[in-house]
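The residues making up each chain are set out below.
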Amino acid sequence: DLSLDAGDRIQKLAISTGIATETLSELRHVAQITGVDFEAFPKAISKLQKATADASDGLKTYVDLFNKAGINVEKFKNLNADEQFMAMGEALSRMNNQSDKTQVAMGLMGRGGVDLIRVFDGGAESVSKLREEAKKLGLSLSREQVDSMADANDAMTRMATAGTALGNTLAVNLAPAIIDVATAF
């Protein structure tokens, strides 16, 4: 299910990662189908972006990991975050040695990267099919849609806060009467 909280979370992730809301909402579906925690996706993508910058700056550890995955860092860094994620997934799916695959996934995407190995078991094509399924199911959300969901979620939070404030005011104002009643016995 896609609640206001989920839409709000997708909006905030899109802002912090630079990944399109459509992509994030589709990846949420991919996560559900593959049994991977959705939070692993944006964390892994953010770490991959940092590793890409570090490799581009010549940091040997990351250069070696990209080379092991068969990825040209200079070409890779010019891809958008969505394309980078899919290219990395495809590279992982082509790696035969599980130890190397785990080393690359963890080294470039953190612990969450290891979880994503099973997401890309069938290559980028399998993820693309699940994303297409999300679109057909109406789960792909535009920026305008998640902005609206986030605004509604914020309004609900404000209403809940107002209710709490009213409860506090009533408690403070009624406290003396409650004490009087309680001590009268």
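For the structure itself, consult the block above.
Because the structure is a prediction, the values reported are computed rather than measured.

Let's talk about the overall build of the chain
Thought 1: Of regular secondary structure, the chain possesses 10 helices and zero strands.
Thought 2: Along the chain, helices (α) and strands (β) appear in the sequence α-α-α-α-α-α-α-α-α-α when read from the amino end.
Thought 3: In summary, the chain has a C-alpha radius of gyration of 23 Å against a globular reference of 16 Å for 185 residues, an excess of more than 25%.
Thought 4: Projected onto the principal axes, the alpha-carbon positions of the chain cover approximately 80 × 40 × 25 Å.
Thought 5: Within the chain, the proportion of its 185 residues that are buried is 38%.
Thought 6: Averaging the locations of the 20 positively and 25 negatively charged side chains of the chain gives two centres separated by 6 Å.

Concerning the packing of aromatic side chains
Thought 1: Following the criterion strictly, the structure yields four aromatic pairs and no others.
Thought 2: On the basis of an interplanar angle of 55 degrees and a centroid distance of 5.3 Å, the ring pair of phenylalanine 66 and phenylalanine 76 is categorised as tilted. With phenylalanine 66 in helix 4 (residues 60-69) and phenylalanine 76 in helix 5 (residues 73-76), the pair connects residues that are 10 residues apart, well separated along the chain. Each member of the pair, phenylalanine 66 as well as phenylalanine 76, carries the same accessibility label: buried.
Thought 3: Ring-pair connections join several aromatic residues into one group, and the members of that group are Phe38, Phe41, Phe85 and Phe120.

Structural notes on the side chain of aspartate 8
Thought 1: Assignment of secondary structure puts aspartate 8 in helix 1 (residues 4-17).
Thought 2: For aspartate 8, a relative accessible area of 8% gives the class buried.
Thought 3: A distance of 2.9 Å separates polar atoms of two side chains, one belonging to aspartate 8 and the other to asparagine 153.
Thought 4: Aspartate 8 has contacts with Ala150, Asn153 and Asp154, leaving out every residue within four places of it along the chain.

Procedures and definitions
Residues numbered from 1 in each chain as written. Predicted model: local features only at pLDDT ≥ 70, side-chain atom pairs only at ≥ 80, totals over all residues. Heavy atoms only, no water. Helix = DSSP H or I, 4+ residues; strand = E, 2+ residues; numbered from the N terminus. Rg over C-alpha atoms; globule rule 2.2 N^0.38 Å. Buried < 20%, exposed > 50% of the residue type's maximum accessible area, 1.4 Å probe, protein only. Lys, Arg positive; Asp, Glu negative; His and termini not counted. Charge placed at Lys NZ, Arg CZ, Asp CG, Glu CD. Phe/Tyr/Trp six-rings, centres within 6.5 Å; stacked < 30°, edge-to-face > 60°. Polar contact = N/O pair within 3.5 Å; in protein donor to acceptor, adjacent residues only side chain to side chain. Contact = heavy atoms within 4.5 Å.

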